[in-house]
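One-letter residues, chain by chain:
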Amino acid sequence: MSLRGSIIRQLVIAPATLADLQLVSHVSLPTLRKAIQELIDTRWIRVVGQAETNGGRPAMLFGIDDRYYQIVGVHLQLPGVRLITTSLTGEVANESYMFRDIVPTPGQVAQAVTDYVTRIRAEHPDRLILGIGIATPGFTDPSTGDILSIGRVSGWHNFPICRRLHDSTGVPVYIANDIDCMALAEFRHTHQPLDRNLAYVGFDEGVKVSLFIRGELYQSSLGNAGLISGDLLHVRNIDDHDEMKSLLTIVGVNRLFEQRLLALDAAERQPYSAILDAGQRGRFRLILNGAVAGLPVCHDIAQALIRSLSAAIANVIYFVQPDVTVIGGMLSLMPDELFAELELAIGRYLPSLIHNNAILRPARLSSSNSAAMGAVQHFLKNYPLEDTP
């Protein structure tokens, strides 16, 4: 990587002084000063303050310039598509949610993202869109960025989304699995050192795992994070295998909730009316809150959910033995009482040696934009900064 690219990547992590940058770049001060001035002139970095000192003249603190370049982040939720525009430092300047509760075609999404980029350019003519980062479920081709398949929705197969958007917008486009993106956003938000073995378990339309092995994101030849199959899972105290599989998806949890309500009379269903009226993701959150509030149907579903999830997550911990396991995705909305029950249930599956060394914690970034924010981080990680002028 070029010196300029190395400086930018360092400052994306945290502001630094000239002396700090020389320690990591191993170049002479004149060479470093020249590169820094070039980056200031091209609006990549700027002076953001002064370093603390015990005496003498305080050193200038350099950081990323967040006033010029922008990046568009896209999360293909399907249903729904979330779009954000951020600065290089990740500050969200604009957000939009399209196709609420419907699954658009690939062509509709490509056009919607193109129109969004056009609108952002018109609204901010003094700023430059550097590129687009996409977070997607399903399988992708790492070499081309094509979406190979999103199995749970029809019509999303063999779609060259990166090429289509590059042709229509003129900017580079990078794509990654949505759970990988959530993990990247979470670990940056919490300043988690990526040189450890980390597992991020995300729950949405399935239970998926993102793994960082000694700082490197594990990717298969299909570019996707690992999906835990309900067909290969045995859960204690759940005899109905189809029900257990349903509990591993948000759609399945919501469907079970509806089925349980059908067995109640009108008066018994009344306390659940607000939950039933909510959208898919909102309903899931309300079911969890209802469990804590003591609503019987919510409590029963939450307990079955914990039993299913604990078996799935314990398998990951047993096999990988990560230093830290973060439970995120829609589970970042789980109330503390339920998370404590989930943690205990996971421990019951593990031998004491592994259980005593396992560190579990809930995700701390619960933003609806987390996958799109992670897509921006993935873009910056892969953007060829060596070509930076």
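Look a little higher up for the structure.
Residues numbered from 1 in each chain as written. Predicted model: local features only at pLDDT ≥ 70, side-chain atom pairs only at ≥ 80, totals over all residues. Heavy atoms only, no water.

What to know about the overall build of the chain
Point 1. Looking only at helices and strands, the chain has 15 helices and 17 strands in total.
Point 2. Scaling as 2.2 N^0.38, a compact globule of 389 residues should have a C-alpha radius of gyration of about 21 Å, and the chain matches this with 23 Å.
Point 3. With respect to the three principal axes, the spread of C-alpha positions in the chain is 75 × 50 × 40 Å.
Point 4. The buried share of the chain, taken over its 389 residues, is 49%.
Point 5. Considering only intrachain contacts with a sequence separation of at least 6, the fraction spanning at least 24 residues in the chain is 62%.
Point 6. A total accessible area of about 18100 Å² is found for the chain, and carbon and sulfur atoms account for 51% of it.
Point 7. Computed over 33 positive and 39 negative side-chain charges, the inter-centroid distance for the chain is 4 Å. (Helix = DSSP H or I, 4+ residues; strand = E, 2+ residues; numbered from the N terminus. Rg over C-alpha atoms; globule rule 2.2 N^0.38 Å. Buried < 20%, exposed > 50% of the residue type's maximum accessible area, 1.4 Å probe, protein only. Contact = heavy atoms within 4.5 Å. Areas by Shrake-Rupley, 256 points an atom, 1.4 Å probe, with all protein chains shown as cover. Lys, Arg positive; Asp, Glu negative; His and termini not counted. Charge placed at Lys NZ, Arg CZ, Asp CG, Glu CD.)

Some remarks on the sheet that holds strand 11 (residues 173-177)
Point 1. Taken in spatial order, the 5 strands line up as 6-5-4-7-11 in an open sheet, and their pairing is mixed. The outermost strands of the open sheet, each flanked by one partner alone, are strand 6 (92-98) and strand 11. Averaged over all neighbouring strand pairs, the angle between strand axes comes to 20°, with direction disregarded.
Point 2. Note: strand 4 (residues 69-76) against strand 7 (residues 128-136), 7 bridges, orientation parallel. Looking at strand 7, one finds that glutamine 70 is bridged to isoleucine 129.
Point 3. Contacts from helix 5 (residues 161-169) reach strand 4, strand 7 and strand 11 within the one sheet, and its direction differs from that of strand 11 by about 150°. (Pairing = 2+ DSSP bridges. Axes fitted to C-alpha atoms, helices over the stretch in contact; angles between N-to-C directions.)

Brief notes about unusual backbone geometry
Most peptide bonds are trans, and most residues other than glycine sit at a negative phi.
Point 1. Cis geometry marks the peptide bond from leucine 78 to proline 79, where omega comes out at 15°.
Point 2. Here proline 79 lies in the loop between strand 4 and strand 5 (81-87).
Point 3. Even without being glycine, arginine 43 reaches a positive phi, approximately 70°.
Point 4. Note that arginine 43 resides in the loop between helix 3 (29-41) and strand 2 (45-50).
Point 5. Look at aspartate 101: it is not a glycine, yet its phi comes out positive at around 65°.

Points about the packing of helix 11 (residues 280-293) against helix 12 (residues 296-320)
Point 1. Two elements in contact, helix 11 and helix 12, have axes separated by 7 Å at closest approach and are oriented at 105°. As summarised for this structure, helix 11 and helix 12 are arranged roughly perpendicular, according to the angle between their axes. Listed contacts from helix 12 to Phe284, Ile287, Leu288, Gly290 and Ala291 of helix 11 are Cys298, His299, Ile301, Ala302 and Leu305.
Point 2. Grouping the amino acids of the contact of helix 11 with helix 12 by side-chain chemistry returns 8 nonpolar, 2 polar and no charged. (Parallel < 35°, antiparallel > 145°, perpendicular 65-115°, else oblique. Nonpolar A, V, L, I, M, F, W, Y, C, P; charged D, E, K, R; others polar.)

Description of the pattern of salt bridges
Note that side chains of opposite charge can pair when their charged atoms are close.
Point 1. Within this structure, the stated rule accounts for 12 salt bridges.
Point 2. Among the salt bridges present, the one from aspartate 204 reaches arginine 281, with a minimum N-O distance of 3.1 Å. Here aspartate 204 is found in strand 12 (residues 198-204), whereas its partner arginine 281 is found in helix 11, with 77 residues between them in sequence.
Point 3. Residue classification places aspartate 204 among the buried positions, given a relative accessible area of 13%.
Point 4. A salt bridge links glutamate 243 to arginine 260; its shortest N-O distance comes to 3.3 Å. Placement of the pair is glutamate 243 in helix 7 (residues 241-246) and arginine 260 in helix 8 (residues 250-262), with a sequence separation of 17 residues.
Point 5. In this structure arginine 260 comes out as partly exposed when scored by relative accessible area, which is 28%.
Point 6. Three or more residues joined by partner-sharing salt bridges are found here, namely Arg46, Asp65, Asp66 and Arg67. (Salt bridge = Lys/Arg side-chain N within 4 Å of Asp/Glu carboxyl O.)

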